[in-house]
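# Architecture and fold: a report
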Amino acid sequence: MPSRRQFLIGTGAAGITALSGCAAGGGTPEDSGGGGGGGSTGGSDNTETYEVGFGDYETTVSPSSFPEKLFIYAVQTGWSNWGALMQEFENEYGVPLNDDQRSSGEALSHARQNAQDPNHSAMNGGYTFGVVARNDGLTKPYKPANYDKVPDSLKTDDGHVTATRRMTTAVVYRKDLYEEQGIAPPETWEDLKREQVAAKTQYQPPQAAVGLAGALSINNAYGGSLDDVRPVIDFYNDVKSKGAVFAGNVEQKFSKGEIQTFVEYDYTGLDLKYNADSVSEDQVGVKFLNGPEGKGALNQPYGYAMLKGAPNPEACKLFMDYVLSKEGQKKFFDAFVRPIRADELDTPEKFPSTDRYQGTEFQVDYGKLVDTQESIIQEIGQGVGLTGY
């Protein structure tokens, strides 16, 4: 029997096909499911082609150039509903994507190691990691269709990096286990220091974008800044001494009750709550927290960038366009990921209210974060004694 998440992945193909079909024979819809602002056209040799790109980057791509598999960093099942986007893109265009189970930090490291002979077509992950890749000379410009719909602060003017979605740090906990043990739900970050809570809490290491967002959330809640991460180091050392662990891949352990609390993004908790069969809706609680000295829920953009000299640029452009199309953006919303074009779409009824976000959410100077994030990651990792730092 398919899970609710599998059901999400299996829906929507007919709608995308219909949109593409409207464009056949030279039509150009305003915002098709694939190819974004372009559409498919019939050539003189009856080979279907697709119009992609925005502005000076508009061009035509042909399926004759598409690979047997498209490799893009950190596009992976089990995260951001990429599984649904990957499946629908393959259904529509016949191009499967490699299931790349890397974090943003791991992707950046691999891209650096393979800069002279890249084997992935694009960098996907935390927005600032994409900008670091750009600054390292690893990327090339490409403005996907609907680039103009992305806020100016969440794309680079030169077309190297474009945000596709955004997430907010949240605390996810097992409501049923808290109730059984008489533990009050967390209301502030200070509550996660309680020994009974800390002993079964998991945090992502700061090398991953989600882990860095969590660290900066806690740091801000305790009065820290991008120039001062001592508050989160002290917090992590406190909870670590009480049994908290720093690792990825939380869902299975959370479903089994091996951990009862974890810090990730709103998406992970809400998707578990409403779309997973491993736990029931009433077993999962999702909280946005503040701290004694500030707001505690960082709003973190995610995006992508084409890689310089990378293989299969035509298929990559088509996929990047699809992700920014309304159909692609809706797939994020299906799994409670806020798409970058959320204002143009109907928000799911079960999505947290704007008030819940506004009361806890904050942003940082992403330009400054680009310049400082590697030193911040190392300082936190070394200060807490995490492996690999």
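Scroll up to find the structure.
Residues numbered from 1 in each chain as written. Predicted model: local features only at pLDDT ≥ 70, side-chain atom pairs only at ≥ 80, totals over all residues. Heavy atoms only, no water.

### Structural notes on the packing of aromatic side chains
In plain terms, the rule: The criterion for an aromatic pair is that two Phe, Tyr or Trp rings (for Trp, the six-membered ring) have centres within 6.5 Å, with stacked assigned to planes under 30 degrees apart, edge-to-face to planes over 60 apart and tilted to the rest. Secondary structure elements follow DSSP: runs of H or I of four or more residues count as helices, runs of E of two or more count as strands, with numbering from the N terminus. The criterion for a charge sitting over a ring is simple: Lys NZ or Arg CZ within 6 Å of the ring centre, and within 35 degrees of the ring normal.
Counting across every chain of the model gives 26 aromatic pairs. For the pair Y265 and Y302, a centre-to-centre distance of 5.6 Å together with 85° between the ring planes defines the contact as edge-to-face. Here Y265, found in strand β9 (residues 261-265), pairs with Y302, found in strand β13 (residues 297-307); they are 37 residues apart in sequence, far enough to count as distant. An aromatic cluster of three or more residues is present, and its members are Y50, W82, F89, Y93, F319, Y322 and F332. Between K155 and the ring centre of Y147, over which it is positioned, the NZ or CZ distance is 4.2 Å. The ring centre of F254 lies 5.9 Å from the NZ or CZ of R174, which sits over that ring.

### Quick notes on the packing of helix α12 (residues 313-324) against helix α13 (residues 326-334)
This is how the line gets drawn: Fitted lines through C-alpha atoms give the axes, limited to the stretch in contact for helices. The angle between two N-to-C directions lies from 0 to 180 degrees. By the definition adopted for this analysis, an angle is roughly parallel if under 35 degrees, roughly antiparallel if over 145, roughly perpendicular if from 65 to 115, and oblique otherwise. Here a residue-residue contact requires only that any non-hydrogen atoms of the pair lie within 4.5 Å.
The interhelical angle for the contact between α12 and α13, taken along N-to-C directions, is 60°, at an axis separation of 4 Å. Of the possible angle classes, the one that applies to α12 and α13 is oblique. In contact with Y322, V323 and L324 of α12, α13 contributes K326, E327, G328, Q329, K331 and F332.

### A word on the pairing of β13
Our working definition: Relative accessibility under 20% of the residue-type maximum defines a buried residue, over 50% an exposed one, and the middle range a partly exposed one, all with a 1.4 Å probe and only protein chains included. One bridge is not enough; two strands pair if DSSP finds at least two bridges between them.
Among the 11 residues in β13, 11 count as buried, and that is most of the element. Two elements, strand β4 (residues 122-126) and β13, share 5 bridges in a ladder whose sense is antiparallel. Paired with M123 across the strands is A305, a residue of β13. Looking at chain direction, strand β5 (residues 139-140) and β13 are connected through 2 bridges and run antiparallel. The residue of β13 that forms the bridge with T139 is L307. Pairing of strand β6 (residues 162-174) with β13, which is carried by 6 bridges, proceeds in the antiparallel orientation. Counted as the bridge partner of A163 is G303 from β13.

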